[in-house]
Amino acid sequence: MARTNVAPSRRPTGSRQRALGKNASRARVGAGAVAPPETLTEQAYRVVEEQIVTLRLAPGDILSEQMLSATYGIGRTPIREALQRLAREGLITILPRKGILVSDINPRNQLLALEVRRELERLLSRAGAERATPLQRKHMLEIARGMDQAASANDDIAFMRLDREFNRLMVEAAHNDYAARSMKLLQGLSRRFWYMHYREAADLPLCARLHANQARAIAKGDAETAARGSDKLMDYVESFTRATVSV
């Protein structure tokens, strides 16, 4: 049977988990985010999703509500609701009476997902440039500066957290619920694929700078430049994905 738990060295302790939550909160505050406090379900989703995306919960791991609740100090009901969302996004598979399986990663499936993501991201970038509020534009500029810093430092964790925040803000700024729901199904899969392969096949500073350029165009309200920035980023992500097939 697949692994039934996360190795102890990879499982955050209570103090490490509290630090993880605090660091993520600081990242959002530092980026100028103004958002209502997280619900327990949102907290559970953010924490478990990051553990899956960064491979601390690896493909093939078998999880349980009880184990996740004990590990991260969050009640089982929020954990259950977070797992249902993660299942919809394809990051886990819920096996009735057996457990929860962290999904495998497949480059060819990722290329199919990118076909959809390319069109959605262009639409969201253009719409965000046209519809973002002044506060959202300010936040976009702060994310762009953070991406520049992550590029200079080659900081993978900072990049991953900024990428998640950028995706969230781009979806919100577009004010299109239909595109938003579709895009949310793809983001975690894309971030996990990146994290798994970027050391062998990716140029993290280049990718961070491409994100920064796209964020600045949205912030400035330049829809055409934002759309082109989205296409350039997707061109890079596709070339990176194809490179992993031969790595």
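Here goes a summary of the coordinates provided.

About the criteria used
- Residues numbered from 1 in each chain as written.
- Predicted model: local features only at pLDDT ≥ 70, side-chain atom pairs only at ≥ 80, totals over all residues.
- Heavy atoms only, no water.
- Helix = DSSP H or I, 4+ residues; strand = E, 2+ residues; numbered from the N terminus.
- Buried < 20%, exposed > 50% of the residue type's maximum accessible area, 1.4 Å probe, protein only.
- Contact = heavy atoms within 4.5 Å.
- Pairing = 2+ DSSP bridges.
- Salt bridge = Lys/Arg side-chain N within 4 Å of Asp/Glu carboxyl O.

### Some details on the overall build of the protein
Link 1 in the chain: In terms of regular secondary structure, the protein is built from 10 helices and 3 strands.
Link 2 in the chain: In the protein, the succession of α and β elements from N to C terminus is α-α-β-α-α-β-β-α-α-α-α-α-α.
Link 3 in the chain: With 247 residues in all, the protein has 50% of them scored as buried.
Link 4 in the chain: A fraction of 79% describes how many contacts in the protein between residues 6 or more apart in sequence connect residues 24 or more apart.

### Comments concerning the sheet that holds strand S2 (residues 92-95)
What holds strands together in a sheet is hydrogen bonding between their backbones, with the strands either parallel or antiparallel.
Link 1 in the chain: Ordered by their spatial adjacency, 3 strands build an open sheet running S1-S3-S2, and the pairing between neighbours is antiparallel. Two strands close off the open sheet at either side, each with one partner strand: strand S1 (62-63) and S2.
Link 2 in the chain: Pairing of S2 with strand S3 (residues 99-102), which is carried by 4 bridges, proceeds in the antiparallel orientation. What sits directly across from Ile94, in S3, is Ile100.

### A short note on the pattern of salt bridges
Two side chains that carry opposite charge are able to pair once their charged atoms sit near each other.
Link 1 in the chain: Enumeration over the complete set of coordinates arrives at 19 salt bridges.
Link 2 in the chain: A salt bridge links Arg80 to Glu65; the nearest nitrogen and oxygen atoms lie 3.0 Å apart. One end of the pair, Arg80, is in helix H4 (residues 76-88); the other, Glu65, is in helix H3 (residues 65-72), and 15 residues separate them in sequence.
Link 3 in the chain: On the basis of relative accessible area, Arg80 is assigned to the partly exposed category, the value being 34%.
Link 4 in the chain: Assessed through its relative accessible area of 17%, Glu65 is described here as buried.
Link 5 in the chain: A salt bridge links Glu238 to Arg118, with the shortest nitrogen-to-oxygen separation between them at 3.2 Å. Remark: Arg118 occurs in helix H5 (residues 107-131) and Glu238 occurs in helix H10 (residues 223-244); sequence separation between them is 120 residues.
Link 6 in the chain: The class of Glu238 is partly exposed, set by a relative accessible area of 26%.
Link 7 in the chain: In this structure Arg118 comes out as buried when scored by relative accessible area, which is 15%.
Link 8 in the chain: Within this structure, Glu49, Asp163, Arg164 and Arg191 form a network of salt bridges that share partners.

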